[in-house]
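Below are the chains, spelled out letter by letter.
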Amino acid sequence: MSCLRKADGSKLALAGSQTIAARTSTLYPFAPVLDGSFLQKRPVEAFKNGNFAKVPVLFGSNTNEGANWSKNIPDPSANTQSPNATETNVYNFLKGQFSTLTRSSFDKAVAALYPLKDYDSSLSLQAQQMYGEMRYICPAVLITGAAFDHGLKAYQFHYDNPDVPSNSNHGADLTAFYSTQPYDKALTAFFVAMREYWTSFAGTLHPSAKDISVDWAAVAKSDGSPRMYLHPGAVALENVSGALSARCAFWRGIAGELNWPTSMDIQQITMDRRDGGGLRSQIKNPSFLGYILADTMQAHRLTETIQATLQADFA
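I will try to describe carefully the structure that is included in this document. Since the model is a prediction, treat every value here as computed from it, not as a measurement.

Generally, phi is negative for residues other than glycine and the peptide bonds are trans, each holding for most cases. Here the bond from Ser 225 into Pro 226 is cis, since omega is -5°, no more than 30 degrees from zero. In this structure, Pro 226 sits in the loop between helix 8 (185-204) and strand 3 (227-230). Although it is not a glycine, Asn 68 adopts a positive phi angle of roughly 75°. Taking relative accessible area as the criterion, Asn 68 reaches 39% and is therefore assigned partly exposed. Here Leu 205, not a glycine, exhibits a phi torsion of approximately 70°, which is positive. Note that Leu 205 resides in the loop between helix 8 and strand 3.

Structure follows, in structure tokens:
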């Protein structure tokens, strides 16, 4: 940390800019790193084993969590709307987010769980479903199911609202809390009920809404069921389907492949110094430096040799 505090701000900013420019298939180039010290376990393992804060939870997801992410990727080989795109584009997009995802696992997922024919042969819809579930929807199922398994009250929701421009995409549920646009009477009442659910949970640890007759029951199964289906005019409890449970189980089964992207494993940084200046030249490279400093947790694992080199370079 002392090395980072002494570093020249302009050099760090340049390294960050060059890192972002180099990661054209990655949505979030800077991300947490499992360093064995501050972050000692992958979240999926921590929740499964009960290594999390034992508090009641309200957690959920939206129907179209994975929509539109790929179409904004600059790298044409990872953009599912590129001309002549194939399922390789879908794989490249997912690998851009989880750099150790193997093609073998991707092919298994497609063959057994996400066949293209189920999405009207739309690569964008296929990628949307895969990414939305592996990053957002399945974690909601996992977290609420884990809370139940460890004796905690958990409430899960499934937001589905086609009546607003944002549809049910990632973050669309926030419309209920922060939008200032006028809506018709029915949709306004729906949003008011959502606010009541959230605020009552904060105050009493049980979500309730005075104008909704459906009682939001706590999760009662390890699969995260039941969950509240939040749809205008059709609020109801629903169970997590067997098909969704199977898809989530697949992603949990390959959790070791779903790593945040890094330029190289930290251990590889320190293991090979066959030429005297090889390591130093890598460290001096701004893009490489950006990867190392992308998360301060990585700094805890730099060897004394790398720390000394950095200190000398920024002196």
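From this point on, the discussion continues.
Moving on, we come to the packing of aromatic side chains. As enumerated under the stated definition, the model contains 19 aromatic pairs in all. When the ring of Trp 69 is compared with that of Tyr 136, the centres are 6.3 Å apart and the planes differ by 20°; the resulting orientation is stacked. A residue pair is termed long-range when its members are at least 10 positions apart, and Trp 69 in the loop between strand 1 (57-62) and helix 4 (87-97) and Tyr 136 in helix 6 (residues 123-149) qualify at 67 residues. Residue Trp 69 is classed as buried on the basis of its relative accessible area, which comes to 16%. With centroids separated by 5.3 Å and ring planes inclined at 80°, the aromatic side chains of Tyr 183 and Phe 191 adopt a geometry described as edge-to-face. Among the residues examined, Tyr 183 registers a relative accessible area of 23% and is labelled partly exposed. Among the aromatic side chains, those forming a connected cluster through ring pairs are Tyr 155, Phe 157, Phe 177, Tyr 178, Tyr 197, Trp 198, Phe 201 and Trp 216. The ring of Phe 52 is capped by Lys 54, whose NZ or CZ atom sits 4.8 Å from the centre of that ring.

Before going further, it helps to examine helix 4. Buried within helix 4 we find Asn 89, Val 90, Tyr 91, Phe 93, Leu 94, Gly 96 and Gln 97. Close packing links the buried residues of helix 4 with helix 5 (103-112) and helix 6.

Attention shifts here to the layout of surface pockets. Considered as a void within the structure, the second largest pocket measures approximately 240 Å³ in volume. The wall of the second largest pocket is formed by 14 residues, among which Lys 48, Leu 142, Asp 149, Ser 222 and Arg 252 lie closest to the centre. Secondary-structure elements contributing two or more residues to the lining of the second largest pocket are helix 3 (43-49), helix 6 and helix 9 (242-253). Its residues assigned to classes, the lining of the second largest pocket comprises 5 nonpolar, 4 polar and 5 charged.

Taken together, 4 strands build an open sheet; the order of strands is 1-2-3-4 and the sheet is mixed. What marks the edges here is a single partner per strand, and that holds for strand 1 and strand 4 (236-238). Averaged over neighbouring strand pairs, the angle between their axes works out to 30° when direction is ignored. Across 4 bridges, strand 2 (residues 154-159) lies against strand 3 in parallel orientation. Bridged to Phe 157 within strand 3 is Met 228.

The rules behind these values
- Residues numbered from 1 in each chain as written.
- Predicted model: local features only at pLDDT ≥ 70, side-chain atom pairs only at ≥ 80, totals over all residues.
- Heavy atoms only, no water.
- Helix = DSSP H or I, 4+ residues; strand = E, 2+ residues; numbered from the N terminus.
- Buried < 20%, exposed > 50% of the residue type's maximum accessible area, 1.4 Å probe, protein only.
- Phe/Tyr/Trp six-rings, centres within 6.5 Å; stacked < 30°, edge-to-face > 60°.
- Lys NZ or Arg CZ within 6 Å of the ring centre and 35° of its normal.
- Contact = heavy atoms within 4.5 Å.
- 1 Å grid on protein atoms, 1.4 Å probe; cavity = no way out; pocket = protein on both sides within 12 Å on 5 of 7 lines; lining within 4 Å.
- Points joined across faces, edges and corners; volume = space filled by probe spheres on them.
- Nonpolar A, V, L, I, M, F, W, Y, C, P; charged D, E, K, R; others polar.
- Pairing = 2+ DSSP bridges.
- Axes fitted to C-alpha atoms, helices over the stretch in contact; angles between N-to-C directions.

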